[in-house]
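# Secondary and tertiary structure notes
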Amino acid sequence: MSLSMGACPHAWRHHLQHRGRMWATSPVFRRQLFLLRSLAPTCAHGGRASSSSLQVHAMSAASAAAGPVYEADAEAVVRRITPPLDRARHKGQAGKIAVIGGCREYTGAPYFAAISALKVGADLSHVFCTKDAATVIKSYSPELIVHPILEESYSVKDDERESVSSSILAEISKWMERFDCIVVGPGLGRDSFLMDCVSNIMRHARQANIPTVVDGDGLFLITNNIGLVEDNSLAILTPNVYEYKRLVQKVLNCEVNEENASEQLAALCQKIGGVTIMRKGKADLISDGKKVTQVSTFGSPRRCGGQGDILSGSVAVFSSWARHFLLSNEQTTEKSVNPMVLGCIAGSLLLRRAASLAFEKNKRSTVTTDIIEFLGQSLEDISPAGR
Ligand SMILES: NC(=O)C1=CN([C@@H]2O[C@H](COP(=O)(O)OP(=O)(O)OC[C@H]3O[C@@H](n4cnc5c(N)ncnc54)[C@H](O)[C@@H]3O)[C@@H](O)[C@H]2O)[C@@H](O)CC1
Ligand SMILES: Nc1ncnc2c1ncn2[C@@H]1O[C@H](COP(=O)(O)OP(=O)(O)OP(=O)(O)O)[C@@H](O)[C@H]1O
Ligand SMILES: [Mg+2]
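A brief look at the structure comes next. (Residues numbered from 1 in each chain as written. Chains lettered and ligands numbered in written order. Predicted model: local features only at pLDDT ≥ 70, side-chain atom pairs only at ≥ 80, totals over all residues. Heavy atoms only, no water.)

## Re the site of ligand 2
Looking at ligand 2, there are 14 residues lining it, with K280, D284, G306, G308 and R352 nearest. Contact distances for ligand 2 include 3.4 Å between a nitrogen atom and a side-chain N or O atom of R303. Take Q307: an N or O atom from its main chain is 3.3 Å from an oxygen atom of ligand 2. The protein chains hide 78% of the 620 Å² of surface that ligand 2 would expose on its own. Judged by the fraction of its atoms near the pocket grid, ligand 2 is located in the largest pocket. Elements with a minimum of two residues in the shell around ligand 2: α13 (307–328) and α14 (339–362). For the shell around ligand 2, the residue count by class is two nonpolar, six polar and six charged. (Near = heavy atom within 4 Å. Polar contact = N/O pair within 3.5 Å; in protein donor to acceptor, adjacent residues only side chain to side chain. Areas by Shrake-Rupley, 256 points an atom, 1.4 Å probe, with all protein chains shown as cover. 1 Å grid on protein atoms, 1.4 Å probe; cavity = no way out; pocket = protein on both sides within 12 Å on 5 of 7 lines; lining within 4 Å. Sits in = over half its atoms within 2 Å of the grid points. Helix = DSSP H or I, 4+ residues; strand = E, 2+ residues; numbered from the N terminus. Nonpolar A, V, L, I, M, F, W, Y, C, P; charged D, E, K, R; others polar.)

## Side note on the packing of helix α5 (residues 74–81) against α14
Close contact between α5 and α14 brings their axes to 9 Å; oriented N to C, the two are set at 110°. Viewed along their axes, α5 and α14 adopt a mutual orientation that is roughly perpendicular. The crossing of α5 and α14 is left-handed. Each of A74, E75, V77, V78, R80 and I81 in α5 lies in contact with α14, whose residues at this interface are L342, I345, A346, L349 and R353. (Axes fitted to C-alpha atoms, helices over the stretch in contact; angles between N-to-C directions. Parallel < 35°, antiparallel > 145°, perpendicular 65-115°, else oblique. Left-handed = near helix turned anticlockwise from the far one by under 90°. Contact = heavy atoms within 4.5 Å.)

## Quick look at the pattern of salt bridges
Enumeration according to the criterion identifies 11 salt bridges in this entry. Across the salt bridge formed by R190 and D217, the nearest N and O atoms sit 2.9 Å from each other. With R190 in the loop between β6 (181–184) and α9 (192–207) and D217 in helix α10 (residues 217–223), this residue pair connects regions lying 27 residues apart in the sequence. Judged by its relative accessible area of 9%, D217 falls in the buried class. By sharing partners, the salt bridges in this structure join E75, R79 and R353 into a single network. (Salt bridge = Lys/Arg side-chain N within 4 Å of Asp/Glu carboxyl O. Buried < 20%, exposed > 50% of the residue type's maximum accessible area, 1.4 Å probe, protein only.)

This is the structure:
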């Protein structure tokens, strides 16, 4: 799937509307509609919430922020947004994802994010990284398309900075419109020249309306330059405990308050404006500032590094699928459903299910690659490919 696929965007939109009409009469669509209606959330403290999640979305920001945290019906979300494996589709239509990350120190993180996107079901997965990291990442997998275009300060002379920065942006711009979503940050490092170049890339992605998941060192970058994501409803931030702490300190000018965790998360989203945030932890708390949802399905007690990278690649795919699903069914879908939130819910559940299966098999020796191996089975258990 590609929202920007083909030479003419109008043709693509027409195709979607046509597909939408075909869908409206199909049994698959009717089932999806049922799932949409059955998306009624369960209160975190037990029991079925009386209003549907769609109604919860419609609540005012202030009252929602003060309300309870709802456990998402994450399985229903996964089923609802995962596209059928249609034989008429061609390469790219199930999603084209790019990861911006990978430097001298970190080659695992961008690999985990990019390969997870493929294992979840995207058709193409690119990595834009530094020259040092590229060969290493390529050697992990021939499935990934690796672009060795980024540079760190040590490899650029002072008087060449501007021209190198422009040519990096020009190179990535050639590709940008093709992507359904980009993931900025896994294994990016914090080199100052690299950070400046990636800031330009983020601005360009925003102008091109490309959804952007910000993770790892991308969060370090935006925490120090919040304007990069401010008021961008296509931005998803996926902070871990430390990244969240730094964001709260910088944006809200206070410390993390566990007693009012959901209110604080909603306030953070509102202060930044329009973004979706998934606060990772024992339960993943997800908000776009209007309401707060959680996914608390137990995954694994192993906390090996790299699980957040799997999550960022998975969220990129699911949010693209959710966007596509809502766009092709716009005549029946309530406007208040945020595809970025659905993408976070789906990604969180899938990772947790895969981590659980991997832990069952590998126990204490479970590592990130073991979890990636179970992404396929996790999705298959929820949304069989042959359905
Ligand atoms: N195999 C790989 O290549 C991996 C690379 N990774 C990358 O590594 C880079 C850094 O990510 P990290 O998550 O390690 O981020 P940080 O550099 O912020 O944290 C490093 C570690 O320091 C500790 N720490 C940080 N802040 C702290 C605080 N305020 N109080 C107490 N302890 C604190 C934590 O144990 C944390 O895991 C990112 O680019 C990330 O994507 C990770 O994704 C893990 C896997
Ligand atoms: N205490 C916990 N109990 C259960 N699950 C957790 C816990 N902490 C994190 N997770 C889950 O693990 C996944 C990755 O979160 P984590 O906090 O490890 O990210 P991260 O630090 O960014 O990872 P990475 O090492 O890839 O950078 C998330 O889905 C999160 O829900
Ligand atoms: Mg991380």
